[in-house]
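Understanding the architecture of this molecule
Here are the chains, one letter per residue:
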Amino acid sequence: MLLSAALFPPVDLPARALLVAVAAGAYAALVADLRAVAAVTALAMATFVGFLAHRFGELTGGGGAWTYAALIAFAAVLGAGYRQLRSMASADGEEAARYPSVARPRTNVVAPPDDAPGGPGAA
């Protein structure tokens, strides 16, 4: 938040919101507890609206600050989704290592010869 306030002037709300959204998304991608992600995202949105968009912690007022705050929530959802997909992929890799014959289909199956019992030529 301080970096956003230091880098961009007060009238540049999209850039400030984008920087806060990147931070919230990165946090959501790294932390597995969804309650913590929701709390940090709500705090980031309130801080953006109260201190970066308006002054002195005022959460009301014009300027569409809450519209930009929706970007922060969207970035957090994307980060949590990325973390979920990454954890699903690692779980599939662990299952394949633990049960190699079950996790991977057999590709070297040979059909029985025509004259074998139960083969295509059997009557």
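Further up the page is the structure itself.
Residues numbered from 1 in each chain as written. Predicted model: local features only at pLDDT ≥ 70, side-chain atom pairs only at ≥ 80, totals over all residues. Heavy atoms only, no water.

Let's talk about the overall build of the protein chain
- Per the secondary structure count, the protein chain includes five helices and zero strands.
- In the protein chain, the succession of helices and strands from N to C terminus is α-α-α-α-α.
- Across the protein chain, contacts joining residues at least 24 apart in sequence account for 50% of those joining residues at least 6 apart.
- Just so you have it, the protein chain exposes about 8400 Å², and 68% of that area is on carbon and sulfur atoms. (Helix = DSSP H or I, 4+ residues; strand = E, 2+ residues; numbered from the N terminus. Contact = heavy atoms within 4.5 Å. Areas by Shrake-Rupley, 256 points an atom, 1.4 Å probe, with all protein chains shown as cover.)

Some words on helix α3 (residues 34-53)
- Here α3 contains 20 residues, and its C-alpha end-to-end distance of 26 Å stays within 8% of the 28 Å for a straight helix at 1.5 Å per residue.
- Of all the bends found along α3, the most pronounced is centred on Thr47 and spans about 25°.
- Looking only at α3, the buried set comprises Val37, Thr41, Ala44, Met45, Thr47, Phe48, Val49, Gly50 and Leu52.
- Its side-chain oxygen at 3.3 Å from the backbone nitrogen of Arg35, Asp33 defines the N-terminal cap of α3. (Expected span 1.5 Å × (residues − 1). Bend = angle between axes of the 7 residues up to and from the residue. Buried < 20%, exposed > 50% of the residue type's maximum accessible area, 1.4 Å probe, protein only. Polar contact = N/O pair within 3.5 Å; in protein donor to acceptor, adjacent residues only side chain to side chain.)

Remarks on the nonpolar core
- Among the nonpolar cores identified, the biggest contains 14 residues, and Val20, Phe48, Val49, Ala69 and Ile72 are the most heavily contacted of them.
- Among the secondary structure elements, those contributing two or more residues to this core are α2 (13-30), α3 and α4 (65-98).
- Those residues in contact with Ile72 that lie beyond four places of it in its chain are Ala17, Val20, Ala21, Ala24, Thr41, Ala44, Met45 and Phe48.
- Residues Ala28, Val31, Ala76 and Ala80 belong to the second largest nonpolar core, which totals five residues. (Core = buried A, V, L, I, M, F, W, Y, C linked by side-chain atoms within 4.5 Å.)

Points about the side chain of His54
- Examined against the element boundaries, His54 turns out to sit in the loop between α3 and α4.
- A polar contact of 3.3 Å, which involves the side chain of His54, links it to the backbone oxygen of Glu58.
- Ignoring sequence-local partners within four residues, the contact set of His54 consists of Val49, Thr60, Gly61, Gly62 and Ala65.

Quick look at the pattern of salt bridges
- Scanning the entire structure with this criterion turns up one salt bridge.
- Residue Asp33 pairs with Arg35 through a salt bridge whose shortest N-O separation is 3.5 Å.
- In this structure Asp33 comes out as partly exposed when scored by relative accessible area, which is 34%.
- Of the residues examined, Arg35 reaches a relative accessible area of 67% and is grouped as exposed. (Salt bridge = Lys/Arg side-chain N within 4 Å of Asp/Glu carboxyl O.)

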